[in-house]
Amino acid sequence: MADQPIPLRRILAANAVALAPSAIALAVLYGYGALAGRPALIALAGIAVVTGVLVQRYLGSLARFARFVGELAAEREPAMPRLQFAPATEELAAAAATLSAGWRRQRASIDNLAASAQAIVDGLPDPLIAVDRQRRIVRTNLAAVALLGQAGPDRDLSTALRHPQLLSAVDTLLETGADGNFASAERRAVDLVLAGPPEIDVVAHLQRLPRAAADGSLALIVLHDITAQRRAERMRADFVANASHELKTPIAGLAGFIETLRGPARDDAAARERFLGIMAEQADRMRRLVDDLLTLSRIEQHEHARPAAAVDLDHVLRGVLDLLQLKASSRSVTIELEVAPALAKAVGDHDELTIVFQNLIDNALKYAKPSTAVRVVARPAGQGTISVSVSDEGDGIPAVHLPRLTERFYRVDTARSRQLGGTGLGLAIVKHVVNRHRGRLDIQSTPGRGSTFTITLPAVG
Ligand SMILES: Nc1ncnc2c1ncn2[C@@H]1O[C@H](COP(=O)(O)OP(=O)(O)OP(=O)(O)O)[C@@H](O)[C@H]1O
Ligand SMILES: [Mg+2]
């Protein structure tokens, strides 16, 4: 940057000050007659010229020094100026440069700290909101922005979360007594349901900081999503209720028949024979239910561990068909099996896949119309996968039921399923096994025409 011209007034004033002692000395000499007027004036002129040059240089150095310090303050990194006509100023400039560098380093590390603090807060999976003493939003993390939208500066918490319970809990947390101390405990938790869709069950954890942070934050609100936990709790409760209900009917049946056999039918051999037959059926139903429950719980226990054996699906499917052939014949249903030539092996567990196809083909036989065919087709499905589809020409399933079909105990027609000896756990078992295999289950069905259940599994290699 070009040097700014030095104001004339300053040059004159500086020259006057520098010249004053010499002028006074010459005037005194002149006054005492030690110096004639002409030489005195010549001497004064000479001194004025030299002083003028020196003062000009000195003022130039000072101006450069002032500009240098100004640029340091503006956080630029100016080159150190040459200030040889003002030596002390040169040292001052060096000291100012060091001071400024230190200050800049500190600023950088404070900026760094602030950025890392925000990065840490942003990295938290749960939405976090910091409010100040007046309950205004000071800071939010990414999860909070994703959930509640961007909060403008100085907005009251109620503009982002309109929950009277939460707002009054925050107010209580921030309340101070007459002595200026906080009136309540430093943390509390509030249960909330955030309006959907989808509705989210949340626990809001409120925490008051020991003192206000630099940005004014005084209370932190963390919203912890417990929807999945609540759903799991509900499912567990439903499951126990359903399992008990399923067991209650055959147990009540057995108790009733025992009562009858002890009393009215004690001496009736024909009735006894008939009742014992029904009792055996009920006992068998309970055994199947317990077997299915045990299978489900065993598969669930290691659902996270993916099976890794190479399974020959042709072999598995032929084994299942052998088992179900009798049932098929009794319902006059034929089973057609088509396995693509040289089909790759699937990655999985032989026994669990047997259970899967046994359930699917058993369902197809159960719900097929008599004298129709059930088709089982295994073929490559692209991208290193194999699909096995089981199609029947049965009643089909209305679309509303499809999403819930794999829930435990879910049946389209409960009475019919029970009458056919079903527990309603078959497809739940299928889904768990398929999940464990990192596979997929697709269900297609047209009411009145039939259904196709397709399992896609990873192939070996
Ligand atoms: N191929 C199918 N055609 C029509 N409905 C079906 C078919 N497969 C399953 N469903 C319906 O889905 C429901 C659930 O099937 P799932 O196999 O889980 O139970 P289930 O067959 O009743 O009993 P089980 O536990 O003995 O298999 C059945 O009750 C039935 O309503
Ligand atoms: Mg079934």
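Just so it is clear, the model here is predicted, and its values are computed rather than measured. (Residues numbered from 1 in each chain as written. Chains lettered and ligands numbered in written order. Predicted model: local features only at pLDDT ≥ 70, side-chain atom pairs only at ≥ 80, totals over all residues. Heavy atoms only, no water.)

Trainee: How do you make sense of the domain arrangement of the chain when you look at a structure like this?
Mentor: Much of the literature gives interface size as the accessible area that the parts lose upon coming together. With domains assigned, the chain is organised as domain 1 (8-109), domain 2 (123-225), domain 3 (234-305) and domain 4 (307-461). Once you take the C-alpha centre of each, domain 2 and domain 4 turn out to be 51 Å apart. (Domains from an automatic or database assignment.)

Trainee: What exactly am I supposed to notice about a nonpolar patch on the surface here?
Mentor: A cluster of nonpolar side chains, Ile-24, Val-28 and Tyr-32, forms an exposed patch at the surface whose accessible area comes to about 370 Å². Its location among the elements puts Tyr-32 in the loop between helix 1 (8-31) and helix 2 (37-73). Classification of Tyr-32 as exposed rests on a relative accessible area of 73%. (Patch = residues over 30% accessible without salt bridge, like charges linked within 9 Å, V, L, I, M, F, W, Y side chains within 5 Å. Areas by Shrake-Rupley, 256 points an atom, 1.4 Å probe, with all protein chains shown as cover. Salt bridge = Lys/Arg side-chain N within 4 Å of Asp/Glu carboxyl O. Helix = DSSP H or I, 4+ residues; strand = E, 2+ residues; numbered from the N terminus. Buried < 20%, exposed > 50% of the residue type's maximum accessible area, 1.4 Å probe, protein only.)

Trainee: Where do I start with the pattern of salt bridges in this structure?
Mentor: Pairing between side chains becomes possible if they bear opposite charge and their charged atoms approach one another. All chains considered together, the criterion is met by 19 salt bridges. We note a salt bridge from Lys-327 to Asp-362, for which the minimum N-O separation is 2.6 Å. Taken together, the residues span a long stretch of sequence, with Lys-327 in helix 8 (residues 313-330) and Asp-362 in helix 9 (residues 350-367) at a distance of 35 residues. Three or more residues are tied together by salt bridges with common partners; here these are Asp-284, Arg-287, Arg-288 and Asp-291.

Trainee: Where do I start with the nonpolar core in this structure?
Mentor: Soluble globular proteins: nonpolar side chains tend toward being buried together. Phe-357, Leu-360, Ile-361 and Ile-455 are the most contacted members of the largest nonpolar core, which totals 47 residues. If one sorts the elements of this core by residue count, helix 9 sits on top with eight residues. Looking at this core, you find at least three residues from each of domain 3 (234-305) and domain 4 (307-461). Discounting chain neighbours no more than four positions away, the residues touching Leu-360 are Val-390, Leu-427, Val-430, Phe-453 and Ile-455. Membership of the second largest hydrophobic core comes to 25 residues, among which are Ile-129, Val-170, Leu-194 and Val-202. (Core = buried A, V, L, I, M, F, W, Y, C linked by side-chain atoms within 4.5 Å. Contact = heavy atoms within 4.5 Å.)

Trainee: Quick question: what am I supposed to make of the environment of Leu-360 here?
Mentor: Position of Leu-360 relative to the elements: it lies in helix 9. Sequence separation between Leu-360 and Ala-34 is 326 residues, and the spatial gap between their C-alpha atoms is 132 Å.

Trainee: Mind showing me how you'd approach unusual backbone geometry here?
Mentor: Glycine aside, negative phi is the norm for most residues, and most peptide bonds take the trans geometry. Its identity is not glycine, yet Arg-135 carries a phi of approximately 70 degrees, on the positive side. Here Arg-135 lies in the loop between strand 1 (128-131) and strand 2 (137-140). The phi angle at Ala-342 is positive, at roughly 50 degrees, despite the residue not being glycine. Inspection of the secondary structure assignment puts Ala-342 in the loop between strand 7 (334-339) and strand 8 (346-348).

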